[in-house]
Each structure stands twice: as C-alpha cells, then as structure tokens.
Amino acid sequence: MEIHRMVTQPQLAVFASSSKRLRSRTVHGTQFRFVYVQPEYYFGTMKHWVTKQESVEISDLERTVIRRPPPA
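*Asks:* How do you make sense of the side chain of Ser18 when you look at a structure like this?
*Replies:* Looking at where Ser18 falls in the secondary structure, it is placed in strand β1 (residues 13–18). Look at Ser18 and you get buried, because its relative accessible area is 12%. Discounting residues that sit within four places of it in the chain, Ser18 has contacts with Val35, Tyr36, Val37 and Tyr42.

Following this line, the structure appears as structure tokens:
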C-alpha cells in the first residue's frame, strides 16, 4: 500500500504472496509474512523499478486492495 501511496502511517507488517511456503521473518524491525498462493491463482502483478538496474514484482493497485477468495 505504501508503494501505491495509499497509507500515511508506517506499516509494521508486510504481506507477500509466494508460490513457495516460506516462514515469517523480521528484517530491520519490519515483519514479513508470506502467504502461499498456488501458481494458477497468482495474478495482478507489475514490475516496480527499485534502481535503474533492479526491479521487483509487486501487486498492482487492484490486487493490493482486493483479495481473491479461495476456490470453493
């Protein structure tokens, strides 16, 4: 939400989707929580340039706000 400029307060936890099962961890005081997502349900990403040479995949605005419900 910070990247999309939707918050005014610092976030204490960052949620990240991953196709691998990863444990939560804390880095420099920020807690990262990883949510397992099956590859076929992975959608709504865009490239965000961190530096001129490095980029990362982040959720687009719609994915940031709306979470797809699990299949029934």
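On we go from here.
*Asks:* Sorry, what's going on with the packing of aromatic side chains here?
*Replies:* Ring pairs (aromatic) are described by centroid distance and by the angle formed between their planes. Inspection of every chain in the model, using the stated rule, returns zero aromatic pairs. One residue, Arg21, lies across the ring of Tyr36, its end atom 4.0 Å from the ring centre.

*Asks:* Is there a simple way to think about the environment of His48 in this case?
*Replies:* Mapping His48 onto the fold places it in strand β4 (residues 45–49). With 12 residues separating them in the primary sequence, His48 and Asp60 have C-alpha atoms 9.7 Å apart.

Procedures and definitions
Residues numbered from 1 in each chain as written. Predicted model: local features only at pLDDT ≥ 70, side-chain atom pairs only at ≥ 80, totals over all residues. Heavy atoms only, no water. Helix = DSSP H or I, 4+ residues; strand = E, 2+ residues; numbered from the N terminus. Buried < 20%, exposed > 50% of the residue type's maximum accessible area, 1.4 Å probe, protein only. Contact = heavy atoms within 4.5 Å. Phe/Tyr/Trp six-rings, centres within 6.5 Å; stacked < 30°, edge-to-face > 60°. Lys NZ or Arg CZ within 6 Å of the ring centre and 35° of its normal.

Geometric values such as these leave the question of function open.
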